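# Observations on the model geometry
Listed below, chain by chain, are the residues.
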Amino acid sequence: MAEAITPRSTDYSQWYLDVIKSAKLADYSPVRGCMIIRPNGYALWENMKEALDVMFKETGHENAYFPIFIPQSFLAREADHVEGFAKECAVVTHSRLKLDDEKGLIADPDSKLEENLVVRPTSETIIWDTYSRWIQSWRDLPILINQWANVVRWEMRTRLFLRTMEFLWQEGHTAHATEQEAIDETLTILDVYTKFAEEYMAVPVLKGVKTASERFAGAVETYCIEALMQDGKALQAGTSHFLGQNFAKAFNCQFQNANNELEYVWATSWGVSTRLIGALIMVHSDDAGLILPPRLAPTQVGLVPIYRTDEEKETVLSAAKEIQQELRAAGIRIHIDARDGFRPGWKFAEYEVQGVPVRLALGPRDVQNGTVEIARRDSGEKSSAPREGLAARMTDILEQVQQGLFDKALAHREANTTSVDTYDDFKAVLDDKGGFVLMHWDGTTETEAKIKEETKATIRCIPLEGYGDETGTDPVSGEPSKGRVVFARAY
RNA sequence: CGGGGUGUAGCGCAGCCCGGUUAGCGCAUCUGCUUUGGGAGCAGAGGGUCGCAGGUUCGAAUCCUGCCACCCCGACCA
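Position numbers for residues count from 1 along each chain, tracking the sequence in the order it is written. A letter from A marks each chain and a number from 1 marks each ligand, given out in the order of writing. Owing to the predicted nature of the model, reporting of local features is limited to residues with pLDDT of at least 70; listing and counting of side-chain atom pairs is limited to 80 or more, with chain, interface and lining totals taken over all residues. The side-chain numbers reported here are obtained from all heavy atoms of the structure, hydrogens and water having been left aside.

Our focus in this paragraph is the protein's contact with RNA strand B. Nearness is judged by heavy atoms alone; a residue qualifies as near a molecule or strand once a single heavy atom is within 4 Å of it. Near RNA strand B lie 45 residues; those nearest to it are Arg157, Arg163, Thr164, Gln236 and Arg275. Pairs of N or O atoms are called polar contacts if they sit within 3.5 Å, as long as, within protein, a hydrogen donor faces a hydrogen acceptor (for residues adjacent in sequence, only side-chain-to-side-chain pairs). Note that a phosphate oxygen of RNA strand B is positioned 2.5 Å from one of the side-chain N or O atoms of Arg343. Within the side chain of Glu352, an N or O atom sits 3.0 Å from a base nitrogen of RNA strand B. Runs of E in the DSSP output that reach at least two residues are strands. Runs of H or I that reach at least four are helices, and both are numbered from the N terminus. Of all elements in the fold, only α1 (12-22), α10 (344-353), β19 (358-362) and α11 (364-369) reach the threshold of two or more residues within the surface near RNA strand B. The element best represented in the surface near RNA strand B is α10, accounting for 8 residues. Note that Gly is not counted as nonpolar here; it falls among the polar residues with everything else outside the nonpolar set of Ala, Val, Leu, Ile, Met, Phe, Trp, Tyr, Cys and Pro and the charged set of Asp, Glu, Lys and Arg. Taken together, the residues of the surface near RNA strand B sort by class into 18 nonpolar, 8 polar and 19 charged.

The rule is short: rings of Phe, Tyr and Trp, with Trp giving its six-membered ring, pair when the centres are within 6.5 Å, and they are stacked under 30 degrees, edge-to-face over 60, tilted in between. All chains considered together, the criterion is met by 16 aromatic pairs. In textbook terms, an aromatic cluster arises when at least three aromatic residues are bridged by ring pairs, as seen for Trp45, Phe56, Trp148, Tyr193 and Trp270. For the cation-ring pair, Lys233 lies above Tyr491, with the distance from its terminal atom to the ring centre recorded as 4.4 Å. One cation-aromatic arrangement involves Lys427 over Tyr423; the distance from NZ or CZ to the ring centre is 4.2 Å. In this analysis the charged atom, NZ for Lys or CZ for Arg, is taken to sit over a ring once it is within 6 Å of the ring centre and within 35 degrees of the ring normal.

Domains assigned within chain A are domain 1 (12-284), domain 2 (301-397) and domain 3 (417-488). Where each domain starts and ends follows an automatic or database-derived domain assignment. Each of domain 1 and domain 2 has a C-alpha centre, and the two are 41 Å apart. Tallying the contact residues gives 5 residues for domain 1 and 4 residues for domain 2. Buried area, as used here, totals the accessible surface that two parts lose on assembly, with accessibility defined by a 1.4 Å probe and the loss added over both. Of the roughly 310 Å² buried where domain 1 meets domain 2, counting both sides, 36% is carbon and sulfur surface. Whenever a carboxyl oxygen of Asp or Glu lies within 4 Å of a side-chain nitrogen of Lys or Arg, that contact is scored as a salt bridge. Where domain 1 touches domain 2, the interface holds 1 salt bridge. Salt-bridge contacts for Lys24 lead to Glu350; the nearest nitrogen and oxygen are separated by 4.0 Å. Remark: the boundary between domain 1 and domain 2 carries 1 residue pair in polar contact (both at pLDDT 80 or more). For the side of domain 1 that touches domain 2, a count of residues per class yields 1 nonpolar, 3 polar and 1 charged. When checking whether two residues touch, look at their non-hydrogen atoms; a contact exists if any pair is within 4.5 Å.

This paragraph deals with the pattern of salt bridges. This structure, assessed with the given rule, holds 23 salt bridges. A salt bridge links Asp108 to Arg96, with the shortest nitrogen-to-oxygen separation between them at 2.9 Å. Of this pair, Asp108 sits in the loop between β7 (104-107) and β8 (112-119) while Arg96 sits in the loop between β5 (91-94) and β6 (97-100); the two residues are 12 residues apart in sequence, bridging distant segments of the chain. Relative accessibility thresholds used throughout: buried, under 20% of the residue-type maximum; exposed, over 50%; partly exposed, between the two (1.4 Å probe, protein chains only). On the basis of relative accessible area, Asp108 is assigned to the buried category, the value being 7%. In this structure, Arg359 and Glu373 form a salt bridge, with 2.8 Å as the shortest nitrogen-oxygen distance. Remark: Glu373 occurs in strand β20 (residues 371-376) and Arg359 occurs in strand β19; sequence separation between them is 14 residues.

Helix α12 (residues 390-415) packs onto helix α9 (residues 310-329) with a crossing angle of 60° between their chain directions and a minimal axis gap of 9 Å. One finds that α9 runs oblique with respect to α12. Classified by chirality, the crossing of α12 by α9 is right-handed. For the pair α9 and α12, the contacting residues are Ile323, Glu326 and Leu327 in the first and Leu390, Ala391 and Met394 in the second. Here the contact of α9 with α12 is composed, by residue class, of 5 nonpolar, no polar and 1 charged. In this analysis, axes come from line fits to C-alpha atoms, helices being fitted only over the stretch in contact, and the angle between any two N-to-C directions falls in the range 0 to 180 degrees. Should an angle fall under 35 degrees it is taken as roughly parallel, and over 145 as roughly antiparallel, whereas 65 to 115 is taken as roughly perpendicular and any remaining angle as oblique. Left-handed describes a crossing in which the near helix is turned anticlockwise from the far one by less than a right angle; the clockwise case is right-handed.

Across soluble globular proteins, nonpolar side chains show a tendency to be buried alongside one another. What makes a nonpolar core is a set of buried Ala, Val, Leu, Ile, Met, Phe, Trp, Tyr and Cys residues whose side-chain atoms join them at distances within 4.5 Å. Within the largest apolar cluster, 54 residues are counted, with the highest numbers of intra-cluster contacts made by Phe161, Phe196, Met201, Met229 and Ile281. Those residues in contact with Ile281 that lie beyond four places of it in its chain are Trp15, Tyr16, Val19, Ile20, Leu25, Phe161, Gln230 and Leu290. Residues Phe66, Ile70, Phe216 and Phe247 belong to the second largest nonpolar core, which totals 29 residues.

Strand pairing is assigned whenever DSSP identifies at least 2 bridges connecting the two strands. With mixed pairing, 11 strands are arranged side by side in an open sheet as β3-β9-β10-β16-β13-β12-β11-β24-β27-β23-β22. Either end of the sheet is taken by a strand with one partner, and the two such strands are β3 (62-63) and β22 (417-419). Both β22 and strand β23 (residues 436-440) contribute to a ladder of 3 bridges, which runs parallel. By the bridge assignment for β23, Ser419 is matched with Leu438. The strands that helix α6 (residues 179-200) touches are β9 (143-152), β10 (166-176), β11 (206-209), β12 (221-228), β13 (234-244) and β16 (266-273); relative to β16, the one it contacts most, it runs at about 10°.

Next up, the structure:
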């Protein structure tokens with residue numbers, strides 16, 4: 001019998017952990033807060049990575065790799081940056097171990113480093129140190145670099161995928177000659193992220209700008225995409241920062257412009273991480289386990305062959321292989337579970353908890369009738385279909401599933417986006433149904449902090465489009481407001 | 001850092017309050033037979049420094065002291 005998955009209604013966060021465990025996405029490690037990404041989880045990450053990588057390259061970026069170790073002094077160069085990250089850095093102080101008679105294995109005191117090294121929590125500092133050597137002229141600009149890497153942030157409280165001490169991500173770091181060009185870059189990437197979230201992950205997102213208190217440490221402006229989870233909590237799914245000239249000044253990175261003047265370089269940085277896997281899980285999955293959008297699912301179609309005798313096995317498997325060839329030719333990722341010793345019911349259940357979008361069952365009866373059983377993971381619908389034209393049918397179904405997941409998530413977000421005009425309504429909505437709450441805000445950090453203190457809701461973003469056009473009054477302070485902003489309790 | 005919980009076979013747990021046969025159960029594993037269209041059945045087998053270190057006792061998984069680790073909930077953050 002399989003491990004039972006706690007229903008969402010009983011305990012949402014336990015459900016989330018159960019889904020991960022039963023889908024074999026990740027495992028705990030011996031070190032607190034660190035995560036072993038299992039093959040199922042990693043295959044998912046690889047697909048996400050691949051799709052994003054194509055989009056980055058289409059928008060003119062190239063990949064590079066900077067080292068994991070950063071001289072400790074680099075972190076101190078940008079004032080806001082150090083304040084934001086100092087409290088969560090892993091620091092390397094020694095270069096070797098030695099066996100001590102009393103204490104066992106210890107860091108060898110003789111190997112203490114001249115300067116401590118910090119395991120990167122993000123790479124702005126080492127990259128801007130590098131850029132300062134690469135950039136002299138306006139002809140050296142722009143630099144549009146992305147890197148796929150791991151980073152470490154010593155978090156107090158962790159949660160698989162959503163917040164782990166080490167996580168995988170991509171971080172883009174670009175250098176520009178003008179402010180406008182850097183801002184354009186920031187917004188280009190925000191669009192890439194939006195497209196990826198909506199078209200690949202089937203997760204609708206709100207585009208917006210962070211308030212000063214939620215801004216990235218060292219940024220002038222932080223743009224973000226925010227998604228809504230099934231339990232009504234928000235999740236920041238990606239950020240794109242306009243860094244102004246902050247890092248260029250901190251690392252003395254100047255260039256000579258066409259008028260023969262020295263100017264500081266304009267910068268951006270942007271990233272999405274394995275946290276997106278957490279979003280994917282929380283947005284689509286149900287009480288039976290994981291549900292994956294077809295465009296990212298490592299296996300899009302799982303085929304379960306059914307047979308009793310060796311003879312049946314031979315017929316069924318050869319028919320299964322024909323189907324496999326046919327679907328592969330149509331660009332579908334199909335997997336045949338031909339393992340002996342596992343019964344069909346077992347395999348059905350396994351594909352189900354692992355979120356495989358469509359399952360086919362093929363037995364002697366089907367082979368004889370020229371049919372195959374099709375079961376959709378999203379709706380649970382089962383039907384028998386002719387083998388004839390199966391590839392086209394499957395392509396169609398996969399598209400329907402992809403679109404269906406997005407539509408459902410969008411409907412959920414819309415049903416859980418509420419506009420309020422009084423602080424009492426605001427609190428009531430947060431407690432009763434959660435979700436995104438649109439309310440006027442006077443633009444001050446004080447009001448924002450007061451609301452956070454009293455309700456645990458934060459301003460997820462000042463939306464770029466769709467909401468917030470009308471002016472009004474902040475119901476908390478009574479001061480005028482330029483528009484509605486998006487509040488929510490968040491992960 | 002505060003609150004709660006857990007640590008006994010690969011995994012999940014019982015046993016502990018009230019110390020005493022050979023530490024038990026489910027799943028998994030191995031062997032055999034029967035099975036196979038929604039997580040199979042029967043029979044047999046293997047697998048344990050009871051988190052670590054002290055202490056009490058004739059005797060400790062169980063009582064006492066100290067330590068460690070991990071998980072969950074909060075504060076901080078992507």
